[in-house]
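Chain residues, written in single-letter form:
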Amino acid sequence: MEGAPIPPMLLHGFGCQALDNGNLSEAARRFLAAASGPVVDREEKLLYTLLAVRAYLELGQYLEAGRRALSAVEIAPDRPEGYLAASEAAFKLGRYDYC
């Protein structure tokens, strides 16, 4: 089955394993790959995106965290999690006008 996409749940597992091993960059990459999976519903897409945001915040990559958090807002504008993550990234960047 060469070239078949990796199922999002498997990518999620790889992301969690990378987190456990302290490899935050790999975890973020895996979570974002899971979020763009072929059969991901809105809730899963939001979850995986927010997990990637968390990894970027832990890495100190606040601009990328903010960018991904805003994509979480686009995914689910009716949910507070994306707004909270975007505010946290803005705060870390010293952009208090966006918090």
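This one's a predicted model, so the numbers in the text were calculated from it and none came from an experiment. (Residues numbered from 1 in each chain as written. Predicted model: local features only at pLDDT ≥ 70, side-chain atom pairs only at ≥ 80, totals over all residues. Heavy atoms only, no water.)

**A look at helix 4 (residues 62-75)**
Here helix 4 spans 20 Å end to end across 14 residues, near enough to the 20 Å set by a 1.5 Å rise per residue. Every buried residue of helix 4 is listed here: Ala-65, Gly-66, Ala-69, Ala-72, Val-73 and Ile-75. Taken down its axis, helix 4 places every buried residue within 165 degrees of arc, on the same side. Turned more than 90 degrees away from the buried face of helix 4, the exposed residues are Leu-63 and Glu-74. Of the surrounding elements, those touching the buried residues of helix 4 are helix 3 (42-59) and helix 5 (80-92). (Helix = DSSP H or I, 4+ residues; strand = E, 2+ residues; numbered from the N terminus. Expected span 1.5 Å × (residues − 1). Buried < 20%, exposed > 50% of the residue type's maximum accessible area, 1.4 Å probe, protein only. Arc of directions from axis to C-beta. Contact = heavy atoms within 4.5 Å.)

**Observations concerning helix 3**
One turn of the α-helix equals 3.6 residues, which is why residues spaced by three or four share an orientation. For helix 3, which comprises 18 residues, the first-to-last C-alpha distance of 26 Å matches the rise-based estimate of 26 Å (1.5 Å per residue) to within 8%. The set of residues buried in helix 3 consists of Leu-46, Tyr-48, Thr-49, Leu-50, Ala-52, Val-53, Ala-55, Tyr-56 and Leu-57. Of the residues that open helix 3, the one with a side-chain oxygen 3.2 Å from the backbone nitrogen of Glu-43 is Asp-41. Downstream of helix 3 by one or two residues, Gly-60 has phi in the positive range, about 80 degrees. (Polar contact = N/O pair within 3.5 Å; in protein donor to acceptor, adjacent residues only side chain to side chain.)

**Thoughts on the pattern of salt bridges**
Oppositely charged side chains may form a pair once their charged atoms are brought near each other. Counted under the stated rule, the structure contains nine salt bridges. Between Arg-42 and Asp-78 there is a salt bridge, with the nearest N and O atoms lying 3.0 Å from each other. Of the two residues, Arg-42 sits in helix 3 while Asp-78 sits in the loop between helix 4 and helix 5, which places them 36 residues apart along the sequence. Here Arg-68 ties to Glu-64 by a salt bridge, and the two come within 2.7 Å at their closest N and O atoms. Note that Arg-68 and Glu-64 are positioned in helix 4 at a spacing of four residues, about one turn of the helix. A relative accessible area of 23% means that Arg-68 is categorised as partly exposed. Connected through salt bridges with shared partners, the residues Arg-42, Glu-43, Asp-78, Arg-79 and Glu-81 form a single ionic network. (Salt bridge = Lys/Arg side-chain N within 4 Å of Asp/Glu carboxyl O.)

That is the geometry; function is a separate question.
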